[in-house]
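Residues per chain are reported as follows:
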Amino acid sequence: MLSTNDYHSDYPNHWCPGCGNFGILDAMKSALAGLGLSPEKILIVSGIGQAAKTPHFLQCNCFHSLHGRALPIATGAKIANHHMTVLVSTGDGDCYGEGGNHFMHAIRRNIDVTVLAHNNGVYGLTKGQASPTSMEGMQTKMQPGGVIVGAFNPLAVALSLGAGFVARGFSGEGDQLSNLIQAGIRHRGFALIDILQPCVSFNRVNTHKWYKDRVVPIEENHNETDLIAALRLALGTDDRIPTGIYHRMESPSYTDRIDKLKDKPLTDHRYRPELLKALLND
Amino acid sequence: MTVDISVLIGGEAGQGIQTIGLLMARTCHRAGLYVMVINDFESRIRGGHSFIQLRISDRPVHGPTRKLHMVVALDERTYGLHQPELTEGGLVLISKDHADTMAQHHRYKMVDFGGVAKKAGSSILANTVAAGTSLALLGAPFDLFENILKSTFNQVEEKRLAQNIQAAQYGYTAAEDETFKWSWPWAVTSPKGRLVDGAQAVAFGALAGDCRFSAFYPMSPATGIIQHLVDMAQTVPLVIEQAEDEIAAVNMVIGAAFAGVRAMTATSGGGFSLMSEGLGLAAITETPIVIVNAQRPGPATGLPTRTAQADLQFVIHASQDEFPRFVFAPGTPFEAFSVTARAFELSERFQVPAIILMDQYLNDSLFVAEESFEAPETVTSYTAADDLENPVGYRRYAFTDSGISPRALPCKGPALVKVCSDEHDEEGHITEDADTRDAMVAKRFAKVAAMRKEIRPPEVIHAGSDILLVSWGSMRGAMEEAVNQLRADDINCGGVHVVDLWPFPDTALSEILEKVTQFFVVEQNQSAQLGQLIRQQTGCQYTDAVLKYNGRPMSAGEITDAIKTKLR
């Protein structure tokens, strides 16, 4: 049996006291332990931002890449060795801003990775500018008159692109989040878990209390396979923010669709000169 | 007798001109002749003006010529545009439809390609008719062409093959009452080598380098490389993905390489610009990747379907800060093959990115390559397997004398692999420690001494000459032909060709260049980029430069004329 201690990293943490990331990190550890996935079986790919530092703070294989580029890195790695469990640790700026195009196309590919999008509605690492998910009207040093553009709705976008697993968690609801992460990893295909979290340093609007007052678990009678019902939840009609699994529907993942990956991963093939000789003599 | 004949076939995009070129090239190649085909086309799918130019010889040919002996005009513009290039006594084959509107300064022969094609079954066979008439006038035996048609169309339905043979026959018949001044008796011997374009040679080289993954975003003129890879990927463990953009393409390649397979992407300058960010990521994470930049004129969109050699300084310096990399620029299809395989090997061995500079001319032109394309018997892996002494204490960026750290793969053993685009410590964790930063920069650059030893010296022809022409990349063939033309005119001239460009072969080039009184760089750019590099790296100043940057490949004749003017 694995415990959360098995993922403990001695590397000193960089986050602000009270950051929502701590709750997410704890939920990740308990989810991984719960699934029995030991550190050497896991690859966590991240971009740039506070969320992207996460893989330094736990035991795992890690590719801490460039701002916005975690998904293509994860896609290439998964194609090379689809036996790896690949998680992407990213933020709202990283995934929905700089990496927006990659986000759309990773969903289309249905690449089997689990995306944990730490969504705090603000840029932390660069000290407080608006992010794609900042609420309209939110004032920052860079947007002193308030944000004048509408917020990006990651769940609605993911659903409309055909994502097979779309969920929303909250950093303050650790047990639920751990379960969502487990379900996301078990899902064969692209899984998005958008995780709401406060930013204690830069987001004065969406505080822990603000979220606490609004998050509600999705009603038990919600049909996870009903895309339209999921979209209705994602688009929202009132102040409540439903948490849980919006939509879950499996279809063959990218690597499942490639015949030559059926036997073994690309990494496990050996160079065979006769194959090239046949092509050269053709 | 010596055969050196140039035939131009021109028309609108969509008229099947490339097919004519391929059929004629295959016929010449099968007969044991040397042939090369330049593809000149516009960035459009229909209309405009496209042409292919065949150079057919009984001696090796590696570059284009300006003089034409035959022009096959499938439209009016072809004749108007190319008649100045026709040698005296040259022949024009023109379609009946346009005959009235053409000036008649040359010997011409009207062939109603479309009408004849319809008789054979369909007007789309006009290109086979044109190929037939041209080959008949050159003196090619019909059965030779017929066999080429059979091997070209044997994969498709029989009816189409029969129609093509009929069209070819009509094409031959149309030539019966005409003669071509330079026709020669075709003594059919065995083919002299492989008929191959640069793009296919790169694809073969990638497989010889054990490439398992490629991601790309379509961009002329690089797409041909990926198309060849796709065509060959059925039987080999190679996965190819069309990415959403070049940024994704290079990052997918980096991800796959990190996970443990050899991987490459191919693009042109614009795509390479987008990949510059990823190039730096590969460098700081020490992930081996291969990027092919098939150059075209720019900046920005430039001339999408044309050729240039203007990205040398760019790729040597691309991406912020400094890091070691390999840069190669093959000059022939065989060099493209061997350099590509080497790029994979060296990139993995040194854990650095490798860049291959191709260009539209080399990529899209067909050549007869006499060298043997051999599949290597083995491919060495440079990754650390599960037998690491202390996997629990594994450090991806452990300091070593060589600068090369043992490279374990993620999820392939107990060692945890952490890589990071921030400056990092030996474990791969973010660091801002000044001493560690110094040590990591030094570690990356420590590789350069051994990388230099892998750089092959430039090849010299006619060493000991008074003056030298210096070329890189695809200018090799034209430069060497120019050297021979100049020598025939009693100019004591030799040639130097550089393929391995970075780390720069300073010592080898200094030794060569310090011995001559004058040297001239020959390049397809505006600012003599290799000339500048030579001056920067060796202190040797080029006498002058022969430069061309209008997007069309330089011929030996152009180089010879320019050198003679400069020497005067």
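Predicted model, so just to flag it, every value in this text is computed and none were measured.

Enquirer: Looking at this structure, how should I read the overall build of chain B?
Expert: Along chain B, the regular secondary structure elements total 19 helices and 21 strands. Compactness check: chain B gives a C-alpha radius of gyration of 26 Å against a globular reference of 24 Å for 568 residues, within 12% of the reference. Projected onto the principal axes, the alpha-carbon positions of chain B cover approximately 85 × 60 × 40 Å. A separation of at least 24 residues holds for 74% of the contacts in chain B among residues at least 6 apart in sequence. For chain B, the accessible surface area stands at approximately 21100 Å², while carbon and sulfur atoms represent 48% of it. Computed over 48 positive and 68 negative side-chain charges, the separation of the two mean positions in chain B equals 5 Å.

Enquirer: Would you mind going over the state of the cysteines with me for this structure?
Expert: In protein structure, a disulfide is the covalent linkage between the sulfur atoms of two cysteines. Residue and element names in this part refer to chain A. Going through the model one piece at a time under the given rule, you end up with zero disulfides over all chains. Left unpaired, Cys 60 is separated from the closest cysteine sulfur, that of Cys 62, by 5.6 Å. Look at Cys 60 and you get buried, because its relative accessible area is 1%. Looking at the unpaired Cys 95, the closest cysteine sulfur is the one in Cys 62, lying at 17 Å.

Enquirer: Would you explain unusual backbone geometry in this entry?
Expert: Residues apart from glycine generally show negative phi values, whereas peptide bonds are mostly found in trans. Residue and element names in this part refer to chain B. Residues Gly 298 and Pro 299 are joined by a peptide bond in cis, for which omega reads -5°. If you trace the backbone, Pro 299 turns up in the loop between β11 (290-295) and α11 (312-317). Along the chain, Trp 502 connects to Pro 503 via a cis peptide bond; the corresponding omega equals 0°. Summarising the element assignment, Pro 503 is placed in the loop between β19 (500-502) and α17 (506-513). A positive phi angle, near 85°, is found at Ser 319, a position not held by glycine.

Enquirer: What is the right way to look at empty space enclosed by the protein in this model?
Expert: The rolling of a water-molecule-sized probe over the atoms marks out the regions of remaining empty space. Per the stated rule, a full pass over the model turns up six cavities of 30 Å³ or more. Volume-wise, the largest cavity comes out at about 100 Å³. Lining the largest cavity are A:Arg270, A:Tyr271, A:Arg272, A:Leu275, A:Leu276, B:Leu207, B:Asp210, B:Cys211, B:Val236 and B:Pro237. Here the residues of the lining of the largest cavity are counted per class, giving seven nonpolar, no polar and three charged.

Enquirer: Would you mind going over the sheet that holds strand β16 (residues 459-461) of chain B with me for this structure?
Expert: Sheet strands pair via backbone hydrogen bonds, and the direction of the pair is either parallel or antiparallel. Residue and element names in this part refer to chain B. Here we have five strands laid out as an open sheet, ordered β16-β18-β17-β20-β21, and mixed in their pairing. Strands at the two margins of the open sheet, each flanked by one partner only, are β16 and β21 (544-547). Averaged over all pairs of adjacent strands, the angle between their axes in this sheet comes to 20°, without regard to strand direction. Strands β17 (467-472), β18 (493-498) and β20 (518-523) of the sheet are contacted by helix α18 (residues 529-538), whose axis makes an angle of about 135° with β20.

Enquirer: Is there a simple way to explain the interface of chain B and chain A in this structure?
Expert: Interfaces are frequently sized by the accessible area removed from exposure as the parts join. Contact residues are listed per partner, giving 59 residues for chain B and 50 residues for chain A. Buried area between chain B and chain A, summed over both chains or domains, comes out near 4500 Å², and the portion from carbon and sulfur atoms is 63%. Where chain B meets chain A, there are five salt bridges. Of the charged contacts in the structure, one is a salt bridge between A:Lys277 and B:Glu377, with a shortest N-O distance of 2.6 Å. The interface formed by chain B and chain A includes 28 residue pairs in polar contact (both at pLDDT 80 or more). Counting only elements with at least two residues in the side of chain B that touches chain A, the list comes to α7 (198-208), β8 (211-216), β9 (239-242), α9 (246-259), α10 (269-285) and β15 (418-420) of chain B.

Enquirer: Which parts of the structure should I look at to understand the packing of helix α2 (residues 70-80) of chain A against α9(B)?
Expert: One way to put it is that α2(A) packs onto α9(B) with a least axis distance of 6 Å and a crossing angle of 45°. Comparing the axis directions of α2(A) and α9(B) gives the class oblique. Handedness of the crossing formed by α2(A) with α9(B): right-handed. Contact residues: A:Pro72, A:Ile73, A:Thr75, A:Gly76, A:Ala77 and A:Ala80 in α2(A); B:Ala248, B:Asn251, B:Met252, B:Ile254, B:Gly255, B:Ala256 and B:Ala259 in α9(B). Its residues placed into classes, the contact of α2(A) with α9(B) shows nine nonpolar, four polar and no charged.

Enquirer: When you look at the packing of aromatic side chains in this model, what are you seeing that I'm missing?
Expert: Any pair of aromatic rings gets described here by the distance separating the centres and the angle formed by the planes. Under the definition given, this model contains 22 aromatic pairs over all chains. Where A:Trp210 meets A:Tyr211, the ring centres are 5.2 Å apart and the plane angle is 85°; that geometry is what we call edge-to-face. Between B:Phe204 and B:Phe373, the aromatic rings sit 6.2 Å apart at their centres with planes inclined by 75°, giving edge-to-face as the arrangement. Note that B:Phe204 is positioned in helix α7 and B:Phe373 in the loop between β14 (366-369) and β15, a separation of 169 residues in sequence. These aromatic residues form a ring-pair network of at least three members: A:Tyr11, A:Trp15, A:Phe22 and A:Phe57. Across from the ring centre of B:Tyr170, 4.5 Å away, lies the NZ or CZ of B:Lys119, which sits over that ring.

Enquirer: What exactly am I supposed to notice about the pattern of salt bridges here?
Expert: Side chains bearing opposite charge may pair, as long as their charged atoms lie close to each other. Residues and elements named next belong to chain B. Scanning the model with the defined rule gives 40 salt bridges over all chains in all. When the shortest N-O distance is used, the salt bridge between Glu 286 and Lys 447 registers 2.7 Å. Of this pair, Glu 286 sits in the loop between α10 and β11 while Lys 447 sits in the loop between α14 (434-446) and α15 (448-454); the two residues are 161 residues apart in sequence, bridging distant segments of the chain. Like Lys 447, Glu 286 is buried. Note that Asp 500 and Arg 342 form a salt bridge whose closest N and O atoms lie 2.7 Å from each other. Here the residue Asp 500 occupies a position in strand β19, and Arg 342 occupies one in helix α12 (residues 333-350), the gap between them amounting to 158 residues. An identical accessibility class is assigned to Asp 500 and Arg 342; each is buried.

Enquirer: Help me understand the domain arrangement of chain B in this model?
Expert: Residue and element names in this part refer to chain B. Domain parsing of chain B yields domain 1 (4-192), domain 2 (196-369) and domain 3 (459-567). For domain 1 and domain 2, the distance between their C-alpha centres works out to 33 Å. Facing the 18 residues of domain 1 at the interface are ten residues of domain 2. Where domain 1 abuts domain 2, roughly 1200 Å² becomes buried across the two surfaces, and 57% of that area is made up of carbon and sulfur atoms. If you look at where domain 1 meets domain 2, you find one salt bridge. Here domain 1 is connected to domain 2 by eight residue pairs in polar contact (both at pLDDT 80 or more). Elements with a contribution of two residues or more to the side of domain 1 that touches domain 2: α1 (17-30) and β2 (34-40). Element by element, the count of residues in the side of domain 1 that touches domain 2 is highest for β2, at seven residues. For the side of domain 1 that touches domain 2, the residue count by class is ten nonpolar, five polar and three charged.

So, how was this worked out
- Residues numbered from 1 in each chain as written.
- Chains lettered and ligands numbered in written order.
- Predicted model: local features only at pLDDT ≥ 70, side-chain atom pairs only at ≥ 80, totals over all residues.
- Heavy atoms only, no water.
- Helix = DSSP H or I, 4+ residues; strand = E, 2+ residues; numbered from the N terminus.
- Rg over C-alpha atoms; globule rule 2.2 N^0.38 Å.
- Contact = heavy atoms within 4.5 Å.
- Areas by Shrake-Rupley, 256 points an atom, 1.4 Å probe, with all protein chains shown as cover.
- Lys, Arg positive; Asp, Glu negative; His and termini not counted.
- Charge placed at Lys NZ, Arg CZ, Asp CG, Glu CD.
- Disulfide = S-S within 2.5 Å.
- Buried < 20%, exposed > 50% of the residue type's maximum accessible area, 1.4 Å probe, protein only.
- 1 Å grid on protein atoms, 1.4 Å probe; cavity = no way out; pocket = protein on both sides within 12 Å on 5 of 7 lines; lining within 4 Å.
- Points joined across faces, edges and corners; volume = space filled by probe spheres on them.
- Nonpolar A, V, L, I, M, F, W, Y, C, P; charged D, E, K, R; others polar.
- Pairing = 2+ DSSP bridges.
- Axes fitted to C-alpha atoms, helices over the stretch in contact; angles between N-to-C directions.
- Buried area = accessible area lost by both parts, 1.4 Å probe.
- Salt bridge = Lys/Arg side-chain N within 4 Å of Asp/Glu carboxyl O.
- Polar contact = N/O pair within 3.5 Å; in protein donor to acceptor, adjacent residues only side chain to side chain.
- Parallel < 35°, antiparallel > 145°, perpendicular 65-115°, else oblique.
- Left-handed = near helix turned anticlockwise from the far one by under 90°.
- Phe/Tyr/Trp six-rings, centres within 6.5 Å; stacked < 30°, edge-to-face > 60°.
- Lys NZ or Arg CZ within 6 Å of the ring centre and 35° of its normal.
- Domains from an automatic or database assignment.

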